[in-house]
Amino acid sequence: MVSKKNYDVTEWNVGNPYEDIGKVINSIIADIKTRQTNVDVNDGGKPGAVIYIPPGDYHLTTQVVIDISYLKIMGSGHGFTSSSIRFNTPPGELAHWHEIWPGGSRVLVDILPQSGSDESTGAAFYVKREGEPRISSVEFADFCIDGLHFVDDASGHHDPENSYTNGKTGIYVANAQDSFRITGMGFVYLEHGITTYQSDALSIHDNFIAECGNCIELRGSGQASKITDNLIGAGYKGYSIYAQNFGGLLVTANNVFPRGKSSIHFSGVVRSSVTSNRFHSFYSGMLVLEDNSSEVLVSANHFLRDHEPWLPMQGYDSGADDLYGLLYISGNNNSVISNHISETIETQYIRPSGAKPVIIRIVSGTGNFISGNHMVATTEASKTQTSATNSCFDAQVGALLTVDALQPLEVTAVQIETESRQNTILDSGSDAQVVMDRTVNAFRATPTPGL
Amino acid sequence: MVSKKNYDVTEWNVGNPYEDIGKVINSIIADIKTRQTNVDVNDGGKPGAVIYIPPGDYHLTTQVVIDISYLKIMGSGHGFTSSSIRFNTPPGELAHWHEIWPGGSRVLVDILPQSGSDESTGAAFYVKREGEPRISSVEFADFCIDGLHFVDDASGHHDPENSYTNGKTGIYVANAQDSFRITGMGFVYLEHGITTYQSDALSIHDNFIAECGNCIELRGSGQASKITDNLIGAGYKGYSIYAQNFGGLLVTANNVFPRGKSSIHFSGVVRSSVTSNRFHSFYSGMLVLEDNSSEVLVSANHFLRDHEPWLPMQGYDSGADDLYGLLYISGNNNSVISNHISETIETQYIRPSGAKPVIIRIVSGTGNFISGNHMVATTEASKTQTSATNSCFDAQVGALLTVDALQPLEVTAVQIETESRQNTILDSGSDAQVVMDRTVNAFRATPTPGL
Amino acid sequence: MVSKKNYDVTEWNVGNPYEDIGKVINSIIADIKTRQTNVDVNDGGKPGAVIYIPPGDYHLTTQVVIDISYLKIMGSGHGFTSSSIRFNTPPGELAHWHEIWPGGSRVLVDILPQSGSDESTGAAFYVKREGEPRISSVEFADFCIDGLHFVDDASGHHDPENSYTNGKTGIYVANAQDSFRITGMGFVYLEHGITTYQSDALSIHDNFIAECGNCIELRGSGQASKITDNLIGAGYKGYSIYAQNFGGLLVTANNVFPRGKSSIHFSGVVRSSVTSNRFHSFYSGMLVLEDNSSEVLVSANHFLRDHEPWLPMQGYDSGADDLYGLLYISGNNNSVISNHISETIETQYIRPSGAKPVIIRIVSGTGNFISGNHMVATTEASKTQTSATNSCFDAQVGALLTVDALQPLEVTAVQIETESRQNTILDSGSDAQVVMDRTVNAFRATPTPGL
């Protein structure tokens, strides 16, 4: 009895994992607890267990509730495929498809948030434990959480599978936790992929989190965590990576693709890093530092904003206009150094019409340091690639690779609002491209080549 | 029957995995397909399966053909050891060796490309599926693909095990695919490690890919992928990392060691990132951006070029001379920012003799931005460490650590050919070290210390 | 017999893994050797094996000795929890705790170094093999090594569980090795987490190594390795990451938290990279490049130094005063580019009293290049957050998030000692903040905003 530490959901004696894996896992967790009796004898603790989900389709109708440390839930496949492409394919074509659903070790989230209640009720995996110590070292690895469908969001679009709304969350950590790991997972068609509160030493590494309303949300407060080496892309309404009141967050080596209202949205985040990422967006506000976010380093990133090239999604956007700032900064002593920032857009799509898009906009705060950034702004003579195809891949790659016929686009490289002072702008735009009060901010223009 | 999702190649009832693991895996794949009958009932899909390769030696004489999504093939050990050192050790010494072959979960590629046919016939793992959707989420993890031997390549060297030629490929993905993962693998003594076409959201992460003719080749076109955190090193003929017509590729956190004709070779690659890597090479052309590669960010990388220190390989090189450019750029609006670039070489090895080596060479295109790079060029008074040893490790570490007796070497830090205009060069070389038309390019010299 | 390659420590027929897992693993290794008889027949080698440690508590009283290549030892959980918080919690409160020990697949290191002998005798896992070739591809994955307790260190503190001293090492690799992997592990309460000598192509990736005296020590010499994507934090006496006579080391994407006498300490390390990390420390000397460390690139990192906010540890520090340099450099041609460096401290804690803290201090050597760094130095009007709580998390997050009431602190941004010459300092401090001989070093001040 005591030595049982490996559980397979397909071999457990309570419930049917194909019908409700939630009931099965909760029963296994109860079993683990009954075995954790060996406390503090010969330094012996409560080592937890591993629950294995083989490749397969597992409906989840009962929320999994985790309140023990050292639990690892793992599968054998992240199983991502694009549900967005599938739901924007005419049904008649689907009949010829090899498969139409995500796969791997796949949890199908049938749970719905209870009406009028907290969003956590719509979470597939819910972690909560009161008291001391904080729950530690829960690990999620190598399986797929699939929200299955989005629903009509009353926006007037009446296009439910493109709404990025369904009240479902993949993993929800409700209170303080330490040293959690989320690795090798797939998340798809959830309104929220991962939501955590009061995170410490959290690692979100090498996952595939896409076609979710929001991908990663670190809420409340937290410290000393990393979001690294993931493929991420939220819907047009939400955040790819959001953090709140966080210190010491490291966001690096991620490839964050569209759509995402923001690729990075920091609220009150301080002394944190956004480095060596690749960001691609279809909207302004790719990176937002607000609510006094301070001492954030943004370096060695590639930012690209272009126009939505895929027909089915061209009716949607984030609502931010081109004067909002591709990078929007409200806070103190932030550093934006050595980034490549690219905007390529046909003038017909610029909002407000005729406006000169703003690349970096400092709205408030002091002491920000913007240095050695290369802005490239271009436009196309005529609309070519975006109307040609209904294929998401062809549209995106076609748009990405269109660099030959581009003309320069006039932009404001850096704009500092009058509420903000004492910033330093170096080698990040020519004299004509930078709008700021040069008497209260420091400026050195990028030298301009002769013609 | 339906619930079987875990296969062990040593427990399957068709074929002998030690004699031909290819036949075994193909038989397992056929079995998986017969079970995938549950399409679109209650949102249920075709979840795939996992095929496990325990530690052991498995010959592969039949090519594995993969045409189902969500298949994971995994082992328990990447098993790399240096076959190059072994094949350059006198046979008499080998008798005393503990072991002479790679190990782990090791696939021995006995397959050979069919004469006169496509190179894909020499692939151990061949992925191809026509129709929709693109094949998704195939995963390779934690095993070793060993090409065993190189063969005489008619170059006149008649040194077959150093030819980096054998027509073998580890993993070959022939057409469009989505969200593949290659993680924790070992690749050794293959002419091509990984070759893919039309990749989307591919992750090549934390692998050991070395002593292959070429390591990673992303061909055709593709987007939104990552090559991260690998140990990589191709042969003197080939590419460590090659990409073609790609947008949004993130290459970060890799340690790319010699030899490699190029560490990075991009053809028509746009809006991509090469950041926070460590590159070491023995030849010029460490990084090549050609065929109108544009808006590529190269930042926070360490580049080192020195001379081949190991006796057995000193007869080989890539053929590029020292005027070619350690970094060679042909394209527009690329950014080379905040790198450390080091060249250390005895003057006797410089080609053409007496030439002043070129560090960054911009051959064509406009709008490139080269800023804040530190070039360190040194030479040794006399040849010391390179002749002393037949040990690859001792030779390489000896050469690497030789920094005390170095004298400055005169180089051209940046050279812009006349076909290229409108580039901006800042803080990346003194006035005397930069060769360009200052009337059509912008320049700010790195300030020079007094003596 | 020959095909056995998967071992489970709980199913082996020698020893009791709960009482002494060392004896069990050594017996398994002996068994593996008896099966490795198939040398060089049909290219067949000695493929090794995998030893699995299920979740559970396993005492180790016999040192594991590894002398075969391709051995993988793996568990199902890194199992970290903070023993430091636990040991600084009043015993009466512990009675209400959910658990008090680390977990996962947990090895409890009961072994002690033999008195008067080499420190390697205190290692839980000891790797050593003489002869050729170097031992290759040993892998450690996904388990926990727990040193359990620290002991009185005769420092006069008489606070044994805060001494970071117990003579225990997690993994000790005594001689030359190739292509080892350490991934997904947890290390806690060891005097030394990982110690290796003569490493080549080592990968230390995605581990949790904290509350150890020292975390990672690469000794002797070595090359072409990577320390990536780890959560790391040593004790106040030791190194988070130490390397000696190393070439081509890549340290990237790590989140290194306090305490750590140094976050990075390089002795004679050359042509290596420290990029895209986040470092947090409570002392000067966060990064030390000494003993002629040369051509090291330090870029895109976030450095934060503040004062120890947690009551139980406020009696300890590293001993370095504020004139030592937050970054201390003794060597040639190093590059410090595009970093954010933050110091925030109340003036009462500055040592020597009244001193102006030094951020980057170049002690000796020539040719160092310091460019585009943003230093932010602040102080608080009054001590607020640090005295309020005994909770480590609340103290640290409270301190991290305290950015609103800060006043500027005068610091020396860069100080170059007279023994050092020919350095170049660009955009890394105002004229008043940089102390150097401007006749033998090059300088360009960061432009200062008007008031």
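Residues numbered from 1 in each chain as written. Chains lettered and ligands numbered in written order. Predicted model: local features only at pLDDT ≥ 70, side-chain atom pairs only at ≥ 80, totals over all residues. Heavy atoms only, no water.

Q: Would you explain the interface of chain B and chain A in this entry?
A: Interface size is commonly expressed as the accessible area that is lost once the parts come together. Facing 81 residues of chain B, the contacting portion of chain A comprises 75 residues. Both faces combined, the contact of chain B with chain A buries some 5700 Å², and carbon together with sulfur accounts for 53% of it. When the buried surface of chain B facing chain A is broken down by residue, Asp43(B), Tyr70(B) and Arg271(B) rank first, second and third, together holding 13% of it. Here chain B is connected to chain A by five salt bridges. Of the charged contacts, one joins Asp206(A) and Lys226(B) as a salt bridge, the two residues approaching to 2.9 Å between their closest N and O atoms. (Contact = heavy atoms within 4.5 Å. Buried area = accessible area lost by both parts, 1.4 Å probe. Salt bridge = Lys/Arg side-chain N within 4 Å of Asp/Glu carboxyl O.)

Q: Looking at this structure, I do not really get the sheet that holds strand 3 (residues 56–60) of chain A. What am I missing?
A: Picture the strands of a sheet paired through backbone hydrogen bonds; they go either parallel or antiparallel. Residues and elements named next belong to chain A. Strands sit in the order 3-6-10-14-17-19-22-25-28-31-34-35 across an open sheet of 12 strands; the sheet is mixed. Whereas interior strands pair on both sides, the edge strands pair on one side only; in this sheet they are strand 3 and strand 35 (406–408). Pairing analysis gives four bridges linking strand 25 (residues 278–281) to strand 28 (residues 302–305), with the strands arranged parallel. Looking at strand 28, one finds that Phe-279 is bridged to Phe-303. Helix 1 (residues 17–35) rests against strand 3 and strand 6 (105–109) of the sheet, and its axis sits at about 55° to strand 3. (Pairing = 2+ DSSP bridges. Helix = DSSP H or I, 4+ residues; strand = E, 2+ residues; numbered from the N terminus. Axes fitted to C-alpha atoms, helices over the stretch in contact; angles between N-to-C directions.)

Q: How do you make sense of the confidence of the model for chain A when you look at a structure like this?
A: Close inspection of predicted coordinates is inappropriate in any region flagged by low pLDDT. Residues and elements named next belong to chain A. Mean pLDDT over chain A stands at 94; residues scoring 70 or higher make up 96%. Across residues 383–388 the pLDDT falls below 50, and counting only partners more than four positions away or on other chains, this stretch makes 13 contacts in the model. As a predicted assembly, this complex carries a pTM of 0.98 together with an ipTM value of 0.97. (pLDDT = per-residue confidence, 0-100.)

Q: Is there a simple way to think about the pairing of strand 6 of chain A in this case?
A: Within a regular strand, side chains alternate between the sheet's two faces. Residues and elements named next belong to chain A. Counting buried positions along strand 6 gives five out of five residues, so the element sits mostly inside the fold. Neither face of strand 6 is left uncovered, since the one carrying Ser-105, Val-107 and Val-109 and the one carrying Arg-106 and Leu-108 both have all their residues buried. Examined bridge by bridge, strand 6 and strand 10 (residues 144–146) share three bridges and lie parallel to one another. When the bridges of strand 10 are listed, Arg-106 appears paired with Cys-144. (Buried < 20%, exposed > 50% of the residue type's maximum accessible area, 1.4 Å probe, protein only.)

Q: Looking at this structure, how should I read the relation of the copies chain B and chain A?
A: Here two copies of a chain appear, and what relates them is a rotation about an axis with a shift along it. Once chain B has been moved 0.0 Å along the axis and rotated by 120°, it coincides with chain A to within an RMSD of 0.0 Å. Those values place the two copies in the arrangement expected of a three-fold rotation axis. Taken as a fraction of all interface residues of chain B, those also at the interface in chain A reach only 9%, which identifies the copy contact as different-surface. (Least-squares fit on C-alpha atoms with pLDDT ≥ 70 in both.)

Q: Explain the UniProt feature "domain: Periplasmic copper-binding protein NosD beta helix" (unreviewed entry) in chain A to me, please; I cannot follow it from the model alone.
A: When the UniProt feature table is mapped to this numbering, "domain: Periplasmic copper-binding protein NosD beta helix" (unreviewed entry) covers residues 161–305 of chain A. The span residues 161–305 of chain A carries 0% helix and 61% strand; its end-to-end C-alpha distance comes to 25 Å. (UniProt positions renumbered as here; feature names shortened; annotations may be inferred.)

Q: Help me understand helix 4 (residues 392–401) of chain A in this model?
A: One turn of the α-helix equals 3.6 residues, which is why residues spaced by three or four share an orientation. Across the 10 residues of helix 4 of chain A, seven count as buried, placing the element largely inside the fold. Buried residues along helix 4 of chain A sit against helix 2 (83–87), strand 25 and strand 28 of chain A together with strand 15 (192–200), strand 18 (214–228) and strand 21 (246–252) of chain B.

Q: Just to check I follow, could you spell out the pairing of strand 28 (residues 302–306) of chain B for this structure?
A: Residues and elements named next belong to chain B. Taken across its five residues, strand 28 has five buried, putting it largely inside the fold. Neither face of strand 28 is exposed, since His-302, Leu-304 and Asp-306 on one face and Phe-303 and Arg-305 on the opposite face are all buried. By the bridge criterion, five bridges tie strand 28 to strand 31 (residues 340–344) in an arrangement that is parallel. Within strand 31, the residue paired with Leu-304 across the bridge is Ser-342.

Q: Can you help me understand the interface of chain C and chain B in this one?
A: Each partner contributes to the interface: chain C provides 79 residues, whereas chain B provides 75 residues. Summed over both sides, the interface between chain C and chain B buries roughly 5700 Å², with carbon and sulfur atoms accounting for 54% of that surface. Considering only the surface of chain C that becomes buried against chain B, Asp43(C), Tyr70(C) and Arg271(C) emerge as the three largest contributors, covering 13% of it. If you look at where chain C meets chain B, you find five salt bridges. Between Asp206(B) and Arg181(C) there is a salt bridge, and its shortest N-O distance comes to 3.2 Å. By residue number, the principal contributor to the side of chain C that touches chain B is strand 18 (residues 214–228) of chain C, which donates seven residues. Partitioning the side of chain C that touches chain B into residue classes produces 17 nonpolar, 43 polar and 19 charged. (Nonpolar A, V, L, I, M, F, W, Y, C, P; charged D, E, K, R; others polar.)

Q: Would you mind going over the relation of the copies chain C and chain B with me for this structure?
A: Superposing chain C onto chain B takes a rotation of 120° plus a shift of 0.0 Å along the axis, which leaves an RMSD of 0.0 Å. A distinct binding surface is used by each copy, with only 6% of the interface residues of chain C retained as interface residues in chain B.

Q: Quick question: what am I supposed to make of the sheet that holds strand 19 (residues 231–234) of chain B here?
A: Residue and element names in this part refer to chain B. In spatial order, the strands read 3-6-10-14-17-19-22-25-28-31-34-35; together these 12 strands make up an open sheet with mixed pairing. This sheet does not close on itself; its edge strands, each paired only once, are strand 3 (56–60) and strand 35 (406–408). Here strand 10 (residues 144–146) pairs with strand 14 (residues 186–188) via three bridges, running parallel. The partner of Asp-146 across the bridge, within strand 14, is Val-188.

Q: For this particular structure, what's the right way to read helix 1 of chain A?
A: Residues and elements named next belong to chain A. Between its first and last C-alpha, helix 1 extends only 22 Å over 19 residues, short of the 27 Å set by a 1.5 Å rise per residue. Where helix 1 bends most, at Lys-23, the angle is about 45°. Restricting attention to buried positions, one finds in helix 1 the residues Pro-17, Asp-20, Ile-21, Gly-22, Val-24, Ile-25, Ser-27, Ile-28, Ile-29, Asp-31, Ile-32 and Arg-35. With a side-chain oxygen positioned 2.8 Å from the backbone nitrogen of Tyr-18, the residue opening helix 1 is Asn-16. (Expected span 1.5 Å × (residues − 1). Bend = angle between axes of the 7 residues up to and from the residue. Polar contact = N/O pair within 3.5 Å; in protein donor to acceptor, adjacent residues only side chain to side chain.)

Q: Could you clarify how one ought to interpret the packing of aromatic side chains in this entry?
A: Here the distance between the centres and the angle between the planes together describe a pair of aromatic rings. Inspection of every chain in the model, using the stated rule, returns 57 aromatic pairs over all chains. Put simply, the rings of Phe87(A), Trp101(A), Phe150(A), Tyr164(A), Tyr189(A), Tyr236(A) and Tyr316(A) pair up and form one aromatic cluster. Note that Arg86(A) overlies the ring of Phe87(A), its terminal NZ or CZ placed 4.2 Å from the centroid. Against the face of Phe443(B) rests Arg438(B), its NZ or CZ located 4.5 Å from the ring centre. (Phe/Tyr/Trp six-rings, centres within 6.5 Å; stacked < 30°, edge-to-face > 60°. Lys NZ or Arg CZ within 6 Å of the ring centre and 35° of its normal.)

Q: What am I meant to see in the side chain of Ser76(A) here?
A: Along the chain, the position of Ser76(A) falls in the loop between strand 5 (71–75) and helix 2. The class for Ser76(A) is buried, based on a relative accessible area of 6%. A distance of 2.6 Å separates a polar atom in the side chain of Ser76(A) from a polar atom in the side chain of Tyr52(A). With near-sequence residues (within four places) excluded, Ser76(A) lies in contact with Tyr52(A), Ile53(A), Pro55(A), Ser105(A), Asp142(A), Val50(B) and Lys72(B).

Q: Hey, could you run me through the state of the cysteines in this one?
A: By definition, a disulfide links the sulfur atoms of two cysteine residues through a covalent bond. All names here are of chain A. With the rule as written, the count across this model stands at zero disulfides over all chains. In this structure Cys-392 is not part of a disulfide, and its nearest cysteine sulfur, from Cys-215, lies 15 Å away. Taking the relative accessible area as the measure of exposure, Cys-392 reaches 13% and is therefore buried. (Disulfide = S-S within 2.5 Å.)

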